[in-house]
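Report on the structure
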Amino acid sequence: MNKTIKDQIIFVLEDDNELMTAALDGDLDAENKQMNRELIQRHEQILAKLDKGEPLGQEDLQLVRDANEIHVNDAANLNGRHEEAIELEAWLDNMIELSMEAAMKILEEYLDRDPKTPVRVYRALHTLWEEATPNGIATGPGFDDSGRCLKCGSRVAFADVTDMLVSVGDEIVKRYDGDITNRNCVRCTYPKQYPGLQHFDEADAK
Ligand SMILES: [Zn+2]
């Protein structure tokens, strides 16, 4: 750990502790005051580790990132530590373990920047993701409020709908419309069918 990084970690933790300590005199409710006290203590433990030259754990690094964030966002450099904050953020990027989800997100973000990214690249990513996810946990891509696939941004989906049919012998005498029980993004899940439906996404983008 170089000196700039170490100094910035000390700065962000002490700065945050100062703010939280000041807030303890304010009108925070008891629960928030307790949370502040606990976080101040955690920050002090990290500062003690730094002081002794001990390595920081993953949870420590995450807390450092949280405390540094306000300075990363301080583009106007009101605190005079913006550049150091960016440097610390980049250092943390290399130190904090990536979860599989975070890794997927990073890759997708970069793939999304190129509109020419072929569908099969997303498909490959999706396959790796399913491979890496223990059975039962992978539930397929989710959708946002506007029905946009969270993985690839497409709004074209195949939906399974389960209707209840009342039959008498072979004859269907009544039908109760069902709910969507399963929705799959076509682009991610059925890439071969996507080209035939792609125009819906293109019309959407206009
Ligand atoms: Zn998708």
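Residues numbered from 1 in each chain as written. Predicted model: local features only at pLDDT ≥ 70, side-chain atom pairs only at ≥ 80, totals over all residues. Heavy atoms only, no water.

Considerations on the overall build of the chain
Heads up, the condition is: Numbering goes from the N terminus for both helices and strands, where a helix is a DSSP run of H or I of at least four residues and a strand is a run of E of at least two. Using C-alpha atoms as the atom set, the radius of gyration is obtained and then compared with a globule rule of 2.2 Å times the number of residues to the power 0.38.
For the chain, the helix and strand inventory stands at 8 helices and 4 strands. Its helices and strands taken in sequence order, the chain reads α-α-α-α-α-α-β-β-β-β-α-α from the N to the C terminus. For the chain, whose C-alpha radius of gyration is 25 Å, the value lies well above the compact-globule estimate of 17 Å for 206 residues. By principal-axis analysis of the C-alpha atoms, the chain measures approximately 80 × 45 × 35 Å.

What to know about the coordination of the zinc ion
For clarity, the threshold we go by: Ligating atoms shown are N, O and S within 2.8 Å of the metal, or 3.2 Å for Na, K and Ca, and water is not included, meaning a site may look less than complete. Donor angles set the geometry label: tetrahedral for four donors if every angle is between 85 and 135 degrees, square planar for four and octahedral for six if opposite donors exceed 155 degrees and the others are between 65 and 115, irregular for anything else. Three labels apply to residues, based on accessible area from a 1.4 Å probe with only protein chains included: buried if under 20% of the type maximum, exposed if over 50%, partly exposed otherwise in between.
In the first shell of the zinc ion, the protein supplies Cys149 (SG), Cys152 (SG), Cys185 (SG) and Cys188 (SG), at 2.2 to 2.4 Å from the metal. Geometry at the zinc ion is tetrahedral, judged from the 4 donor atoms that bind it and their angles of 107 to 115° at the metal. Of note, the zinc ion draws all its donor residues from one chain, in the sequence arrangement C-x2-C-x32-C-x2-C. Of this pair, Cys149 sits in the loop between helix 6 (119-132) and strand 1 (157-161) while Cys188 sits in helix 7 (residues 186-189), and the two are 39 residues apart along the sequence. The exposure class of Cys188 is buried, given its relative accessible area of 2%.

Overview of empty space enclosed by the protein
As a reminder of what qualifies: Of the two site types, the cavity is a set of points on a 1 Å grid over the protein atoms alone where a 1.4 Å probe fits but cannot get out, and the pocket is an open set with protein on both sides within 12 Å along at least five of seven lines, each lined by residues with an atom within 4 Å of a point. Grid points are joined across faces, edges and corners, and a volume is the space filled by probe spheres set on the points. For this classification, Asp, Glu, Lys and Arg are treated as charged, while Ala, Val, Leu, Ile, Met, Phe, Trp, Tyr, Cys and Pro are nonpolar and the rest, including Gly, are polar.
Applying the stated criterion across every chain yields a total of 1 cavity of 30 Å³ or more. Of the voids in this model, the largest cavity is the one considered here, and its volume is about 30 Å³. Along its surface, the largest cavity is lined by Glu108, Tyr122, Leu125, His126, Lys151 and Cys188. Considered class by class, the residues forming the lining of the largest cavity number 3 nonpolar, 1 polar and 2 charged.

Some words on unusual backbone geometry
Backbone geometry at Asn77 places phi at a positive 60°, although glycine is not the residue there. Tracing the sequence through the fold places Asn77 in the loop between helix 3 (58-72) and helix 4 (82-95). Overall, the relative accessible area of 37% leaves Asn77 in the partly exposed class.

A closer look at the pattern of salt bridges
For side chains bearing opposite charge, pairing can occur when the charged atoms are close. Where we set the bar: For this document, the term salt bridge refers to a Lys or Arg side-chain nitrogen within 4 Å of an Asp or Glu carboxyl oxygen.
Scanning the model with the defined rule gives 8 salt bridges in all. Note that Asp7 is salt-bridged to Lys3, the shortest N-O span being 2.7 Å. Here the residue Asp7 and the residue Lys3 both occupy positions in helix 1 (residues 3-24), the gap between them amounting to 4 residues, near one helical turn. What makes Lys3 exposed here is its relative accessible area of 61%. With a shortest N-O distance of 2.7 Å, Arg65 and Asp93 are connected by a salt bridge. You can see Arg65 sitting in helix 3 and its partner Asp93 sitting in helix 4, a full 28 residues away along the chain. For Asp93, a relative accessible area of 46% puts it in the partly exposed group. Several salt bridges converge on common partners, so that one network encompasses Arg42, Lys49, Glu59 and Asp60.

Section: a nonpolar patch on the surface
Quick reminder of the rule: Without a salt bridge and with relative accessible area above 30%, a residue can belong to a patch; like charges are then joined within 9 Å and nonpolar side chains (Val, Leu, Ile, Met, Phe, Trp, Tyr) within 5 Å. We get accessible surface area from the Shrake-Rupley algorithm with a probe of 1.4 Å; when it comes to residues, only the shown protein chains can shield them.
A surface patch of nonpolar side chains, amounting to about 460 Å² of accessible area, comprises Met164, Val166, Val168, Val173 and Tyr176. Counting residues per element, the ones that place at least two in the nonpolar patch are strand 2 (164-168) and strand 3 (171-176). Relative to the assigned elements, Val166 resides in strand 2. Here Val166 falls in the partly exposed class, since its relative accessible area comes to 30%.

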